[in-house]
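Overview (structure and organization)
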Amino acid sequence: MITSTKNEQIKNITSLIKKARERKAQRLFVIEGIRAVAEVPGQLLHAIYYVEGFADSAEGQAFISDIHAKAPNAPIEEVAKTVFNSMSDTVTPQGVLALVKMQEFTLEDVVGATAGRVPHVMILESLQDPGNMGTIVRTAEGAGATGIIMNNTTVDIYSPKVVRSTMGSIFRVPHIVVKDLSATIEQLKNDYRISVYAAHLKGEKYYDEFDLTSPTAFMIGNEGNGLTDEISNCATSYLKIPMEGKLESLNASVAASLLMYETHRQRKNSGV
């Protein structure tokens, strides 16, 4: 049993929780909770930790047995309660935490080419709110988006708050971070013949007036400033979302959800 907060493993977990650069350097992130850890594909489990006493119950023993069966090479450690509470990022820890390997996706994965799907891509520029990010990832799975592209100033998709809010979708939605977002958008248009849409004040048609059954991507910008001119100028077309009252814009994740589900609706109705 690990009984000290000075243990190197515990110190590393704390560092991975708090520092994006450590997560990127080690290609590892932290996930907490019984259900959340259970959803991690076995090949991605790097190490598992549980609080003292967790294995005393039949449910705890069954959980540990199941985890060991799907990830036999991942070490499983018991941790003293005070130590576990000190490294947990949640208000009410469930007593289970895991180090998880980051998946390696390609642009081919994101556009759905490797799965033979029609591209349905979300492009995120400098989103900062973890809740928005997590909601978009979760909605992307539900609406059948093929993947997500982010620039490197977008909130870290592997931060604990984002990971929790994805509810497991982070393992099932291909995603990549790119240094040059505008160059990647041009690649989408030129190499994959994807129409790239931006919700914009210059939009002349509503989002449901476009044919979204063909290869499609949507750009969503920063919560406070929207898309930069550089990125919005990359759009194939501008679209608009109806606004009643005095509203000028919607929450980023709400706007993204509307666009993704309209694409899903059209494709379902047309059999795509």
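Above: the structure in question.
An account of the accompanying structure is given in this report.

Conventions we followed
- Position numbers for residues count from 1 along each chain, tracking the sequence in the order it is written.
- Thresholds applied to this predicted model are a pLDDT of at least 70 for local features of residues and 80 or more for the giving and counting of side-chain atom pairs; totals over whole chains, interfaces and linings are not thresholded and use all residues.
- Just so you know, side-chain values use all the structure's heavy atoms and leave hydrogens and water out.
- For two strands to count as paired, DSSP must find a minimum of two bridges between them.
- Numbering of helices and strands runs from the N terminus; a helix is a DSSP stretch of H or I covering at least four residues, while a strand is a stretch of E covering at least two.
- Between N-to-C directions, angles cover 0 to 180 degrees, with each direction set by a line fitted to C-alpha atoms, over the stretch in contact for helices.
- Seen with the strands pointing away from the viewer, any crossover whose path from the first strand over the helix to the second strand runs clockwise is right-handed.
- By definition in these notes, contact holds between two residues if any of their heavy atoms fall within 4.5 Å.
- In this analysis the probe radius is 1.4 Å and the grid spacing 1 Å, with only protein atoms considered; a cavity is a set of points the probe fits into but cannot get out of, a pocket is an open set with protein on both sides within 12 Å along at least five of seven lines, and lining residues have an atom within 4 Å of a point.
- Grid points are joined across faces, edges and corners, and a volume is the space filled by probe spheres set on the points.
- Here the nonpolar group is Ala, Val, Leu, Ile, Met, Phe, Trp, Tyr, Cys and Pro; Asp, Glu, Lys and Arg are the charged ones; every other residue, Gly included, is treated as polar.
- Salt bridge, as applied in this entry: a Lys or Arg side-chain nitrogen positioned within 4 Å of an Asp or Glu carboxyl oxygen.
- Working definition: with a 1.4 Å probe on protein chains only, accessible area under 20% of the residue-type maximum means buried, over 50% means exposed, and in between means partly exposed.
- N or O atoms within 3.5 Å of each other form a polar contact, as long as, within protein, one can give a hydrogen and the other can take it, and as long as residues adjacent in sequence are counted only when both atoms are side-chain atoms.

**Digging into the sheet that holds strand E1 (residues 28–32)**
If you walk across this open sheet you meet the four strands as E1-E4-E2-E3, and the pairing is mixed. Pairing within the sheet leaves two strands with one partner each, and these edge strands are E1 and strand E3 (76–79). Within this sheet the neighbouring strands show an average axis-to-axis angle of 20°, counted without direction. Pairing between E1 and strand E4 (residues 96–101): five bridges, direction antiparallel.

**Focus: the pairing of E3**
In this structure, strand E2 (residues 45–51) lies alongside E3, joined through four bridges in parallel fashion. Bridge pairing in E3 links Ile48 to Ile76. Running through helix H4 (residues 58–70), the crossover from E2 to the neighbouring parallel element E3 is right-handed.

**Looking at the sheet that holds strand E9 (residues 216–220)**
Reading across the sheet, the six strands line up as E7-E6-E5-E9-E8-E10 and stay open at both edges, with parallel pairing between neighbours. Each edge of the sheet is formed by a strand with only one pairing partner; in this case those strands are strand E7 (175–178) and strand E10 (237–239). This sheet shows a mean twist of 25° between the axes of neighbouring strands, independent of strand direction. Where strand E6 (residues 147–151) lies against E7, four bridges are found, and the strand directions are parallel. When the sheet's bridge partners are listed, Asn151 is paired in E7 with Val178. Running at roughly 155° to E6, helix H7 (residues 130–143) makes contact with strand E5 (120–124) and E6 of the sheet.

**Considerations on the layout of surface pockets**
The space that makes up the largest pocket amounts to roughly 790 Å³. Around the largest pocket sit 26 residues that line it, and Ala199, His200, Glu248, Ser249 and Leu250 are the ones nearest its centre. At the level of secondary structure, the elements contributing two or more residues to the lining of the largest pocket comprise E9 and helix H11 (252–270). Split into classes, the residues belonging to the lining of the largest pocket amount to 14 nonpolar, nine polar and three charged. Quantified by volume, the second largest pocket comes out at close to 380 Å³. Along its surface, the second largest pocket is lined by 18 residues, and Lys24, Arg27, Tyr158, Ile176 and Val177 are the ones closest to its centre. No other element matches the three residues that E7 contributes to the lining of the second largest pocket. Classifying every residue of the lining of the second largest pocket gives eight nonpolar, five polar and five charged.

**Notes on the pattern of salt bridges**
Using the criterion set out here, one finds eight salt bridges in the structure. Notably, a salt bridge pairs Lys11 with Glu8, separated by 3.2 Å at the nearest N-O pair. Taken as a pair, Lys11 and Glu8 lie in helix H1 (residues 8–18) at a separation of three residues, close to a single helical turn. Classification of Lys11 by relative accessible area gives partly exposed; the value is 43%. On the accessibility criterion, Glu8 (56% relative accessible area) is exposed.

**What to know about the environment of Lys70**
Relative to the assigned elements, Lys70 resides in helix H4. Overall, Lys70 belongs to the partly exposed group, its relative accessible area being 31%. Spatially, the C-alpha atom of Lys70 lies 14 Å from that of Ala98, the residues being 28 residues apart in sequence.

**So, empty space enclosed by the protein**
Counting across every chain of the model gives one cavity of 30 Å³ or more. Roughly 40 Å³ of volume is contained in the largest cavity. For the largest cavity, the full set of lining residues is Ile17, Val30, Ile31, Glu32, Asp89, Pro160, Val163 and Arg164. For the lining of the largest cavity, the elements supplying multiple residues, two or more each, are E1 and helix H8 (160–166). The residue makeup of the lining of the largest cavity, split by class, is five nonpolar, no polar and three charged.

**Here we look at the side chain of Asn132**
Mapped onto the secondary structure, Asn132 falls in helix H7. There is a polar contact of 3.0 Å between the side chain of Asn132 and the side chain of Ser253. If sequence neighbours within four positions are ignored, Asn132 has contacts with Leu127, Glu223, Asn251, Ala252 and Ser253.

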